[in-house]
Amino acid sequence: MTPKTASAPQAAQTPATLAGAEVLMRALVEQGVEVIFGYPGGAVLPIYDALFRQKEIRHILVRHEQAAVHAAEAYARSTGKVGVVLVTSGPGATNAVTGLLDALMDSIPLVCLSGQVPTALIGNDAFQEADTTGITRPVTKYNYLVRRPEDLAKTVHEAFAIARSGRPGPVLIDLPKNITVGDAPYVTAEQTTPRTSKVRTEPDHDAVAQAVAALKNAKRPLFYTGGGIINSGPQACEGLRKLARITGFPVTSTLMGLGAFPATDKQFLGMLGMHGTYEANLATHGCDVLVALGSRFDDRVTGRLDAFSPDSFKIHVDIDPSQINKIIHVDLPIVGDVGRTIELMLAEWEKQTPYAHEADLAQWWQQIEAWRALDCLRFKQDQAADAVIKPQKAIQRIYELARETGRETYVSTEVGQHQM
């Protein structure tokens, strides 16, 4: 009797179609999703069933959909990845609006998955139906209503590309229940062509050369930095530090830009604007060349537009062309990735003639130090045993403890005076 030979193991075959919720899970895993923040509801129960059956993605249950979006924002800001939110139809989706708008304003990459009634019931005032795409259009970078199973995987891949590319922001995908329950084909990210090819990341080299020429002629220069530098990545932050070192120019920052430049550095003037320092605001008012790097001239910074840095030559670097001349008219716009722009500025600084205004710069620093000597953030803590602890003291102690541990520390605040 001839013994049977062991057959070679068969390669796992990908089925032609999967349940829509399974297609969704597979697309999320391919996009590198590790965590979803969500709150269940009837329209998304098929997605929760698919979540339960897999091991790659962890779900964090919140107590309100708004909290899910804010948690995903914090995750995105602290990891550099796209935050993911899962909410149900109707009230679940509408509860997410505040967080989506916050992510849009702060350029935070998110993908929000919202449940929706079956496509046949859309527009019929069905139970827990809402025009989610219509409601969220003003508060998202882009949004989708998936009407065909064959569009599901492609839409997910494209949503992640849009959320993270260019100026980051939130993208919403509205998922009718029949799409997540029924069968759908799976396509990989490589098989899709995201509609983000028109994002301009490479700045105009001639404009960069003009910006450096303006800096070479500056006597009272100032770098005004924003959250775009952080969004551009660690290399952009390192580039900013090199640019400050090589030029010797002062640096100020918006709230969203804090952390891109060391707060303990002597060249750092602190935050500017209505919650900023005395020296940062007076330097902004009195500079002769102002370079806005990844910042958008927010009203918390500018105050009266006609009195904002009135005598300066203004250079604005931003990846979002809609931000250029939106609030403040600038003399030299540069559209492109701020990290790449800083890289070109460093090379151009070395290429052009040496800076010849050291004496003027020294006088400018002397003026800044006179403003800084006021020590506008100083406070005096009563040392009595029953004294009320001032908020400044509490923050100082948290700072000291964070340094003592030697570990990476995250501090979360609510929004208000204590945040400032």
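Everything discussed here concerns the structure shown above.
Residues numbered from 1 in each chain as written. Predicted model: local features only at pLDDT ≥ 70, side-chain atom pairs only at ≥ 80, totals over all residues. Heavy atoms only, no water.

Visitor: Would you mind showing me how to read the environment of Thr-409 here?
Guide: Tracing the backbone shows Thr-409 in the segment after helix 16 (391-405). Exposure remark for Thr-409: the relative accessible area of 43% places this residue in the partly exposed category. Between the C-alpha atoms of Thr-409 and Tyr-399, which are 10 residues apart in sequence, the distance is 9.5 Å. Here the side chain of Thr-409 touches Arg-407 through a polar contact of 3.1 Å, landing on its backbone oxygen. (Helix = DSSP H or I, 4+ residues; strand = E, 2+ residues; numbered from the N terminus. Buried < 20%, exposed > 50% of the residue type's maximum accessible area, 1.4 Å probe, protein only. Polar contact = N/O pair within 3.5 Å; in protein donor to acceptor, adjacent residues only side chain to side chain.)

Visitor: Looking at this structure, I do not really get the packing of aromatic side chains. What am I missing?
Guide: Aromatic ring pairs are defined here through the distance separating the ring centres and the angle between the ring planes. Here the structure, examined in full by the defined rule, presents 10 aromatic pairs. Taking the centre distance of 5.9 Å and the plane angle of 35 degrees together, the rings of Phe-223 and Phe-249 count as tilted. Here Phe-223, found in strand 9 (residues 221-225), pairs with Phe-249, found in the loop between helix 11 (234-247) and strand 10 (251-253); they are 26 residues apart in sequence, far enough to count as distant. Both residues of the pair, Phe-223 and Phe-249, belong to the buried class. In textbook terms, an aromatic cluster arises when at least three aromatic residues are bridged by ring pairs, as seen for Phe-223, Phe-249, Trp-349 and Tyr-355. In this structure, Arg-26 is placed above the aromatic ring of Tyr-186, and the distance from its NZ or CZ to the ring centre is 5.7 Å. One cation-aromatic arrangement involves Lys-216 over Trp-349; the distance from NZ or CZ to the ring centre is 3.9 Å. (Phe/Tyr/Trp six-rings, centres within 6.5 Å; stacked < 30°, edge-to-face > 60°. Lys NZ or Arg CZ within 6 Å of the ring centre and 35° of its normal.)

Visitor: Sorry, what's going on with the nonpolar core here?
Guide: One broad rule of soluble globular proteins: the nonpolar side chains tend to lie buried together. Counting residues in each nonpolar core, the largest one holds 54 residues, and the members touching the most others are Ile-229 and Leu-293. In contact with Ile-229, not counting residues within four places along its chain, are Ala-236, Cys-237, Leu-240, Ala-260, Leu-293, Val-338 and Ile-342. Among the nonpolar cores identified, the runner-up in size contains 35 residues, and Leu-18, Leu-28, Val-44 and Ala-163 belong to it. (Core = buried A, V, L, I, M, F, W, Y, C linked by side-chain atoms within 4.5 Å. Contact = heavy atoms within 4.5 Å.)

Visitor: So what exactly am I meant to see when it comes to the sheet that holds strand 13 (residues 313-318) here?
Guide: Within a sheet, neighbouring strands are paired by backbone hydrogen bonds and run either parallel or antiparallel to one another. Taken in spatial order, the 6 strands line up as 11-10-9-12-13-14 in an open sheet, and their pairing is parallel. In this open sheet, the two edge strands, each paired with only one partner strand, are strand 11 (268-271) and strand 14 (332-335). For this sheet, the mean angle separating the axes of adjacent strands, direction not counted, is 15 degrees. Where strand 12 (residues 289-293) meets strand 13, 5 bridges bridge the pair, whose relative direction is parallel. The partner of Leu-290 across the bridge, within strand 13, is Lys-314. Running over the sheet, helix 12 (residues 278-286) touches strand 9, strand 10 and strand 11 and is turned about 105 degrees from strand 11. Strands in contact with helix 15 (residues 358-372) are strand 9 and strand 11; relative to strand 11, the strand with the most contacts, it is inclined by about 45 degrees. (Pairing = 2+ DSSP bridges. Axes fitted to C-alpha atoms, helices over the stretch in contact; angles between N-to-C directions.)

Visitor: What exactly am I supposed to notice about the sheet that holds strand 5 (residues 110-116) here?
Guide: Pairing is parallel across the open sheet formed by 6 strands, whose spatial order is 3-2-4-5-7-6. The outermost strands of the open sheet, each flanked by one partner alone, are strand 3 (58-61) and strand 6 (142-145). Put simply, the sheet's adjacent strands are angled 20 degrees from each other on average, direction ignored. The pairing of strand 6 with strand 7 (residues 170-176) spans 4 bridges and is parallel. Note on strand 7: the bridge partner recorded for Leu-145 is Asp-174. Sheet contacts for helix 5 (residues 97-105): strand 5 and strand 7; angle to strand 7, the most-contacted strand, approximately 145 degrees. Strands in contact with helix 7 (residues 152-164) are strand 4 (83-87), strand 5, strand 6 and strand 7; relative to strand 7, the strand with the most contacts, it is inclined by about 165 degrees.

Visitor: I'm lost on the packing of helix 11 against helix 14 (residues 338-351) in this one. Help?
Guide: For any two helices packed against each other, one specifies the inter-axial angle together with the distance between the axes. Helix 14 packs onto helix 11 with a crossing angle of 25 degrees between their chain directions and a minimal axis gap of 9 Å. If you check the angle between helix 11 and helix 14, you find them roughly parallel. Viewed along their axes, helix 11 and helix 14 form a crossing whose handedness is left-handed. Across from Ala-236, Gly-239, Leu-240, Lys-242, Leu-243, Ile-246 and Thr-247 in helix 11, the residues of helix 14 making contact are Gly-339, Ile-342, Met-345, Leu-346, Trp-349 and Glu-350. (Parallel < 35°, antiparallel > 145°, perpendicular 65-115°, else oblique. Left-handed = near helix turned anticlockwise from the far one by under 90°.)

Visitor: Honestly, a nonpolar patch on the surface in this entry has me stumped. Any pointers?
Guide: Residues Ile-395, Ile-398 and Val-411 make up a contiguous nonpolar surface patch of about 280 Å² in total accessible area. Among the residues examined, Ile-398 registers a relative accessible area of 40% and is labelled partly exposed. (Patch = residues over 30% accessible without salt bridge, like charges linked within 9 Å, V, L, I, M, F, W, Y side chains within 5 Å. Areas by Shrake-Rupley, 256 points an atom, 1.4 Å probe, with all protein chains shown as cover. Salt bridge = Lys/Arg side-chain N within 4 Å of Asp/Glu carboxyl O.)

Visitor: Just checking my understanding: could you explain unusual backbone geometry for this structure?
Guide: In terms of backbone geometry, most residues other than glycine have negative phi values and most peptide bonds are trans. Positioned with a positive phi, Ser-107 is a non-glycine residue whose angle comes to about 55 degrees. Structurally, Ser-107 can be placed in the loop between helix 5 and strand 5. Exposure remark for Ser-107: the relative accessible area of 8% places this residue in the buried category. One non-glycine residue, Ser-309, lies in the positive phi region at around 40 degrees.

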